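Chain residues, written in single-letter form:
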Amino acid sequence: MKLRVKGFGLLLLLVLLALCSTIDVCDARRGKHWRPRSSPSSSLLKKKGKAKKGSSHRQHGGNRRSPPPAPPGVGKGHQTPYQPSPNVPVSPSPSPSPKPSPAKGNGHTSPQPPSPSCGKGRQPPPQPPPVASASPGAGFNVVDFGAKGDGISDDTKAFQAAWAAACKLGASTVLVPSELEFLVGPISFSGPYCKPNILFQLEGTILAPTNAKAWGSGLLQWLEFTKLSGLSIQGSGTINGRGQQWWTYSDPNDDEDDDTYNQELERMPRVKPTALRFYGSSNVVVAGITIVNSSQCHLKFDNCQGVLVHDLTISSPENSLNTDGIHLQNSKDVSIHHTNLACGDDCISIQTGCSNIYIHNVNCGPGHGISIGGLGRDNTKACVSNVTVRDVNMFRTMTGVRIKTWQGGIGLVQDIRFSNIQVSEVQTPIMIDQFYCDKRTCTNQTSAVAVSGVQYENIRGTFTIKPLHFACSDSSPCSGITLTGVQLKPVQIAHYHLNNPFCWQAFGELFTPTIPPIACLQIGKPAGNNLQTYHDIC
């Protein structure tokens, strides 16, 4: 009996040994002969384990160029091991194991393709194409094109050559280097054949010519940019118009030779150039630079759309005639902010054809304030709408916020908002003048550019002549004028006579008491005034 039990135990041990031997043999067979018939998932996972030798990586990396024959079902089976691929880094850094993405070469027919960043393993997002990365960094230094930068030699041709090179490439930079002064004559940096998005990096100083010969019979502009898209002028440099040759005033502190100055002044043409002008351009940015002593307007935008001006400094003497700071005409979608303006005329002038103008955080003075107009000169049509001026400081200006129109014109000024204006020793802080005239006498005419919908909010500070002046047309009275939080106190200045608020044909509403009281504003709407809409008139 004991012998039978021992024999049965020995037999059981032999059976167990046989079973273990069978499992080892099956695993060996499966590894050698059954791999093509197994599921694609297990097949590719084993390939990943062998990829450390490098041969598998090279084979699959070339699948896009010449895909080798694949066993049935492998093409669809690639999506199974690919699903955990987001954990695989897509950076181009070397790795001993290949990324699954090259193996996707035959997997374009998969109904669930992986993310594009992994599908293009050979060109990951952190590595842009060489051409795209080179274009934004392309720079053209005017010195490399022959500019001397000594303030004496004529560098106009060098600027033209640098600009021409930038135009051909686009998305490039024209550099005016620092610590140099470039004498540049009248020049036009023009399109429309220039490629877009050119950056004009101004770090040095550009000087205008002071001899009459350079200007011929007279020009409307000195530095002009026309028909361009995506142009930016920025930097810490200066544009110096040297307009003293045109200004007809005498400085008692000027030690220069008066005879020489007067002789040159007599030779200068009567037509005075604007220092920097943009015409027919879109998406324009002017930032950081300084413009000084223009002979006439410092910065002008004409027929432009999409304009951004910020961190700009404009400066000329108080008695430099007609030297507007920024002049807008027929331009839309304009933003001006964080800018310092001191000149001999309007700090900002908004002319006909302008709409969607947003001005804020601006310092103005000396100058004539921020003005809409004059509009309608020589019986012309003028239209301005949707203008906001807020958070502005004005110091010793002639007017604060002003709307001025000529008699005889037609058109409409509508939807204007002046808010948070701080004035200090301003002659007349608030003004609407539909009888504007820059001559000794002007002919009385019936028609006028209408003014409607003007809001004055939080206009505060001091005045030296009159707090408010509303002189509106008999045929087209001003309507929709509202005042809120107006507090203006007088400051007695020698030779100035203080006056009370003045209103004529001005209609609207006082939302809060004012200082001083403005009793002359007629509450409500003008009788029988059937004002047409902006769309009908303009």
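Residues numbered from 1 in each chain as written. Predicted model: local features only at pLDDT ≥ 70, side-chain atom pairs only at ≥ 80, totals over all residues. Heavy atoms only, no water.

- Taking an unreviewed UniProt entry as the reference, the protein chain is identified by name as Polygalacturonase belonging to Triticum urartu.
- UniProt annotates the protein chain under Subcellular location (unreviewed entry) with the comment "Secreted, Cell wall".
- Checking UniProt for the protein chain, the heading Sequence similarities (unreviewed entry) contains the comment "Belongs to the glycosyl hydrolase 28 family." (UniProt positions renumbered as here; feature names shortened; annotations may be inferred.)

### Quick notes on the overall build of the protein chain
Okay, step 1: Within the protein chain, the secondary structure is distributed over ten helices and 32 strands.
Okay, step 2: Here the protein chain, with 538 residues, has 45% of them falling under the buried criterion.
Okay, step 3: A separation of at least 24 residues holds for 76% of the contacts in the protein chain among residues at least 6 apart in sequence.
Okay, step 4: About 28100 Å² of surface is accessible on the protein chain, with carbon and sulfur atoms providing 54% of the total. (Helix = DSSP H or I, 4+ residues; strand = E, 2+ residues; numbered from the N terminus. Buried < 20%, exposed > 50% of the residue type's maximum accessible area, 1.4 Å probe, protein only. Contact = heavy atoms within 4.5 Å. Areas by Shrake-Rupley, 256 points an atom, 1.4 Å probe, with all protein chains shown as cover.)

### Re the pairing of strand β12 (residues 282–287)
Okay, step 1: Note that strand β9 (residues 232–234) and β12 share three bridges and pair parallel. From the neighbouring strand, Ser232 faces β12, where its bridge partner is Val285.
Okay, step 2: Of the pairings in the sheet, the one linking β12 to strand β15 (residues 305–310) comprises five bridges and is parallel in character. Paired with Val285 across the bridge in β15 is Leu308. (Pairing = 2+ DSSP bridges.)

### Some thoughts on the state of the cysteines
What is meant by a disulfide is a covalent connection between two cysteines, made through their sulfur atoms.
Okay, step 1: Going through the model one piece at a time under the given rule, you end up with six disulfides.
Okay, step 2: Shown here is the disulfide that connects Cys437 with Cys442, its sulfur atoms set 1.8 Å apart. What sets the handedness of the Cys437 and Cys442 disulfide is the S-S torsion sign, and at about 80° it is right-handed.
Okay, step 3: On the basis of relative accessible area, Cys442 is assigned to the partly exposed category, the value being 30%.
Okay, step 4: Two residues, Cys503 and Cys520, share a disulfide whose sulfurs are 2.1 Å apart. In this pair, Cys503 is assigned in strand β30 (residues 502–504) and Cys520 in the loop between β31 (506–510) and β32 (522–523), connecting sequence segments 17 residues apart.
Okay, step 5: The cysteine Cys343 is free of any disulfide, with Cys347 supplying the nearest cysteine sulfur at 4.5 Å.
Okay, step 6: Judged by relative accessible area, Cys343 falls into the buried class, the value being 0%. (Disulfide = S-S within 2.5 Å.)

### Re the environment of Lys489
Okay, step 1: Counting through the fold element by element, Lys489 comes out in strand β29 (residues 487–490).
Okay, step 2: You can call Lys489 exposed: its relative accessible area is 52%.
Okay, step 3: As a C-alpha pair, Lys489 and Pro516 span 27 residues in sequence and 7.3 Å in three-dimensional space.
Okay, step 4: The residues contacting Lys489, other than those within four sequence positions of it, are Gly461, Thr462 and Phe463.

### Section: the pairing of strand β5 (residues 187–190)
Okay, step 1: Because side chains alternate across β5, one face comprises the buried residues Ile187 and Phe189, and the other comprises Ser188 and Ser190, none of which is buried.
Okay, step 2: Relative to strand β8 (residues 221–226), β5 runs parallel, the two sharing four bridges. The residue bridging Ser188 from the neighbouring strand is Glu224, located in β8.

### Notes on the side chain of Ser476
Okay, step 1: The topology assignment puts Ser476 in the loop between β27 (468–471) and β28 (478–484).
Okay, step 2: Its relative accessible area of 18% is what places Ser476 among the buried residues.
Okay, step 3: Beyond its immediate stretch of four places on either side in the chain, Ser476 contacts Gln434, Ala448 and Ala450.

### Brief notes about the sheet that holds β8
Two pairing modes exist for strands in a sheet, parallel and antiparallel, and in both the strands are linked by backbone hydrogen bonds.
Okay, step 1: With parallel pairing, the eleven strands of this open sheet are ordered in space as β5-β8-β11-β14-β17-β19-β21-β23-β25-β27-β30. Among the strands making up the open sheet, the edge pair consists of β5 and β30. Recorded for the sheet is a direction-independent mean angle of 15° between the axes of neighbouring strands.
Okay, step 2: Bridge count for strand β17 (residues 326–329) against strand β19 (residues 348–350) is three bridges, and the pairing is parallel. Each residue of the ladder has a partner; that of Leu328, found in β19, is Ile350.
Okay, step 3: The strands touched by helix α8 (residues 156–169) within the sheet are β5 and β8, with β5 carrying the most contacts at an inclination of about 5°. (Axes fitted to C-alpha atoms, helices over the stretch in contact; angles between N-to-C directions.)

### Observations regarding the environment of Gly408
Okay, step 1: Position of Gly408 among the secondary structure elements: in the loop between β23 (399–405) and β24 (410–426).
Okay, step 2: Remark: the alpha-carbon pair of Gly408 and Thr380, spanning 28 residues in sequence, is separated by 7.7 Å.
Okay, step 3: With residues up to four places along the chain from it excluded, the contact list for Gly408 reads Gly376, Asn379, Gln445 and Ser447.

### Topic: unusual backbone geometry
Okay, step 1: Residue Gly374 follows Gly373 across a cis peptide bond; omega there is 5°.
Okay, step 2: When you line up the elements, Gly374 lands in strand β21 (residues 370–375).
Okay, step 3: Note the cis peptide between Ile515 and Pro516, where omega equals -5°.
Okay, step 4: Mapped onto the secondary structure, Pro516 falls in the loop between β31 and β32.
Okay, step 5: In this model, Asn458 sits at a positive phi of 55°, which is unusual for a non-glycine residue.
Okay, step 6: Turning to its location among the elements, Asn458 is positioned in strand β26 (residues 450–463).

### Quick word on the packing of aromatic side chains
Okay, step 1: Applying the stated criterion across every chain yields a total of 13 aromatic pairs.
Okay, step 2: Cluster of aromatic residues (ring-pair linked, three or more members): Trp163, Phe189, Phe200, Phe225, Phe278 and Phe301. (Phe/Tyr/Trp six-rings, centres within 6.5 Å; stacked < 30°, edge-to-face > 60°.)

### Details of the confidence of the model for the protein chain
Okay, step 1: Here the protein chain averages 79 in pLDDT, and 70% of its residues register 70 or above.
Okay, step 2: In the model, residues 20–136 has pLDDT below 50 throughout and makes 73 contacts with residues more than four positions away in sequence or in other chains. (pLDDT = per-residue confidence, 0-100.)

### Quick notes on α8
Okay, step 1: Under the 1.5 Å per step criterion, the end-to-end length of α8 is 21 Å for 14 residues, consistent within 8% with the ideal 20 Å.
Okay, step 2: The complete set of buried residues in α8 reads Thr156, Ala158, Phe159, Ala162, Trp163, Ala165, Ala166 and Cys167. (Expected span 1.5 Å × (residues − 1).)

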